[in-house]
Amino acid sequence: MATTRFSPVASSSSALPLSTPSIQSLRDNYSLQLIPPPNPTLKTPTIRSRLSKLCQDGQPHLARQLFDTITQPTTTLWNTIIIGFICNNLPDEAILFYIRMKNASPLVKCDSYTYSSSLKACAETRNLLVGKAVHCHLIRCLSNPSMIVYNSLLNMYSTCLSTADGEVGLCDFSNYDFVRKVFDTMRKRNVVAWNTMVSWYVKTERCKKAAQQFRLMMAKGIKPTAVSFVNVFPALSSIGDYSNANVLYGMVIKLGNEYVNDLFVVSSAISMYMELGYLDIARKIFDNCLDRNTEIWNTMIGEYVQRNCPLEGIGLFLHAMDSDNSILDDVSFLSALTAISQLQCLELAQQLHAYIIKNLEAVPVNVLNAIVVMYSRCNSIQASFDAFSQMRERDVVSWNTMVFAFVQHGLDDEGLMLVHEMQKQGYRIDSVTVTALLSAASNLQNHHIGRQTHAYLLRHGLQFDGMDSYLIDMYSKSGLIRTAQLLFEKSSIASKDQATWNAMIAGYTQNGLTDNAFITFRQMFDHKLSPSAVTLASVLPACNPMGSINLGAVSYAENVFYNTLEKNSVTYTTMILGYGQNGMGKRALSLFYSMQASGVIPDSITFIAVLSACGYVGLVDEGLQIFNAMEREYNIQPSTEHYCCVVDMLGRFGRVVEAHKFVEQLGEEASTLEIWGSLLGACRLHGYVELGEAVANKLLEIDAGNGKAGYHLLLSNIYAEKGYWERADRVRKEIRERGLRKEVGCSWIEVAGHLSHFVSRDQEHPRSNDIYEMLEGLAVDMTDRVHGSF
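A. Fine view of the side chain of S569. Within the secondary structure, S569 is located in helix α35 (residues 569-581). Judged by relative accessible area, which is 16%, S569 ranks as buried. Aside from chain neighbours lying at most four places away, what touches S569 is M595, V600, I601, D603 and T606.

What follows is the structure, given as structure tokens:
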């Protein structure tokens, strides 16, 4: 036996997903049965009985005190205390008692029960170091370990090589796998050992090996237990093996009621078929389950919610409420709250909130946090803050949830104030808080807050997924595009994910550096990264000003869109925006309606995209209907951008007076340059001189002291086009006297794949002399042609 056994060596590991806690606890029970040692003829049978009774009564410490009065305790008595501690959920004390027992050697010897129970304690505490030590002890002291010891070793290694959050490391188990090595040294293996191996392969995301291990077990003639199916079902769903899923579930049915009605098997089978996309089969298994417990209800409801079927999920939750046998718990309520968040139904949210308060004596913090999220998703930020304010107990998730809710609804200042209050109350900022702070800084275009947050990250060594993309976005929107570029260039190619590339492309586009945007876009292809919907949304706005729409390629965007299996509001919005910017308003409108029909809820950005599309092609009445439905049907409060879209849409197609009335009805909400500027542009386009004068005066009132001549020049042009030269000269004179400046316009053209840009009196182009000489020649030629025609 010594030749086949192996000794544990140091290893590093980190982690992959475990099964649900309840299933794992069941598996542990199957993996190791802590039965007391046989009851030989003892010198002091009464003492052992009394020790066992105290442990069974939940008083293991009293049992240990009694044990300490014994002069020479036997191995059986030592084992009784170790097992007593484990059975009373005191595994750390069990380990300490095992160490004390080892130190008592050679007066006392450990046996199979000592090692199996101690390994169980190591598994429960995830103490790999002590587990390896116990393994070494049993190699030296046991010449022929029993099967229960080997099963305990398998259980210890598979559990301890998993972190506390249930994830297994990304190390290469093909080179040295402790669990596999223990399994290979076993001369005899029962179904518990095979189950552990299948489970271990699933944990380490080697699902094909898990399925192969199950087949090998069957080939060896080992009859599967209910746990065998619980372990292998996740492997089949992970590799998408629908055929074998049916075969194995058919085997469950063939094995009889003991298997079919096992609640863990039912739960695992439901999850498997849901993951495979066969919701109807999963529902049939659920409906045929005779005795549904809370976990079965939660599995079915939760799977519906995870598969974006909130109506089915909330319907089943209501059914569970009416059922006499179902007992709802925190998980049930969390799933229901998530379903209502997906539906964005405020009335239903209020009803569920009232039900929870009425029926739960103490609402857990995680449920209260979900209520805050629910109201935020239902676009009721006030109700969200009310729920947060009424919480008697909060954790850091509560604060982060409310901060994010403020930021997502454009209340960035309130979000920042809440972070300040959060710190005052002793809560430490974490990566989630930082993400919210960077988003707020981006929205406010406040590089001071952004820099402070960045410094906090560096001081505390915080790292999180997407950090670079958030920082690049913040610096870009704050006008510090060079800082954003330095961050982007500093990142290694391996660390640049799609979000980082998208943030840099968008940053260049937003700052007018469209040539840089396209260079980065091309580099993304060079590094074998396919653009997403967000990438296209970032680069499409750069196409029109550059005269380079071929680079954006609407047909390419369509291919990306229609090949995207799981479409969300971002995906639809990007495609609607692309259609609108390229004059395909009817396509944009059609896609907007099909988005609603498919159950995807439009957000505020979606409405900006579709209103803009309507404005491009003159679908004014359709656009107004959509604008009116935005707040009434979707509870989305219009922003400045939405109002600008409506004014531009009305004004562009001659309904200038209607546009003016619309702006006046807005009152203080319309006191922005963008809205009145759009109206002034409409006045010039359709020759509304008097109205244009009134609008220009309003703009001067709003924009006093800006120092730019744009709106003054626009008014001057309105006068000139109508022949009111004195008024036009007066405005021009006022521009000169005030020292106002006009922003320089810029033109772009692409020739043979090379982009060139020009401004007035530009001398920067390498062939500027040739260009000006050509222009002079064209001017002379045009003059000759004009004179020759008379």
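B. Structural context of the pattern of salt bridges. In the structure shown here, the tally under the stated rule is 14 salt bridges. One salt bridge connects K477 with D473, and the closest N-O pair in it is separated by 3.5 Å. On the criterion of helical spacing, the pair formed by K477 and D473 is a turn pair, its members being four residues apart in helix α27 (residues 467-477). Judged by relative accessible area, K477 falls into the partly exposed class, the value being 30%. Within this structure, E275, E303 and R307 form a network of salt bridges that share partners.

C. Region of interest: helix α41 (residues 673-686). Its 14 residues place the ends of α41 20 Å apart at the C-alpha level, agreeing with the 20 Å of an ideal helix rising 1.5 Å per residue. Those residues of α41 that fall on the buried side of the exposure criterion are I675, W676, G677, L679, L680, A682 and C683. With its phi angle positive at about 75°, G687 sits one or two positions after the end of α41.

D. Structural context of the confidence of the model for the chain. For the chain, per-residue confidence averages 82 on the pLDDT scale, and residues scoring 70 or more make up 81% of the total. When pLDDT is averaged over each helix and strand of the chain, the minimum, 41, is found for helix α1 (residues 21-31) and the maximum, 95, for helix α12 (residues 226-238).

E. Spotlight on a nonpolar patch on the surface. The grouping of I771, M774, L775, L778 and M782 at the surface amounts to a nonpolar patch, some 490 Å² of accessible area in total. Positionally, M782 belongs in helix α45 (residues 768-788). Of the residues examined, M782 reaches a relative accessible area of 55% and is grouped as exposed.

F. Broad picture of the nonpolar core. Core analysis: the largest hydrophobic core is formed by 155 residues, its most contacted members being F233, I270 and I371. When neighbours within four sequence positions are excluded, F233 is seen to be in contact with L248, Y249, V252, V265, S268, A269 and M272. Grouped together as the second largest cluster of nonpolar side chains are 47 residues, L591, A613, V647 and A659 included.

Rules behind the numbers
- Residues numbered from 1 in each chain as written.
- Predicted model: local features only at pLDDT ≥ 70, side-chain atom pairs only at ≥ 80, totals over all residues.
- Heavy atoms only, no water.
- Helix = DSSP H or I, 4+ residues; strand = E, 2+ residues; numbered from the N terminus.
- Buried < 20%, exposed > 50% of the residue type's maximum accessible area, 1.4 Å probe, protein only.
- Contact = heavy atoms within 4.5 Å.
- Salt bridge = Lys/Arg side-chain N within 4 Å of Asp/Glu carboxyl O.
- Expected span 1.5 Å × (residues − 1).
- pLDDT = per-residue confidence, 0-100.
- Patch = residues over 30% accessible without salt bridge, like charges linked within 9 Å, V, L, I, M, F, W, Y side chains within 5 Å.
- Areas by Shrake-Rupley, 256 points an atom, 1.4 Å probe, with all protein chains shown as cover.
- Core = buried A, V, L, I, M, F, W, Y, C linked by side-chain atoms within 4.5 Å.

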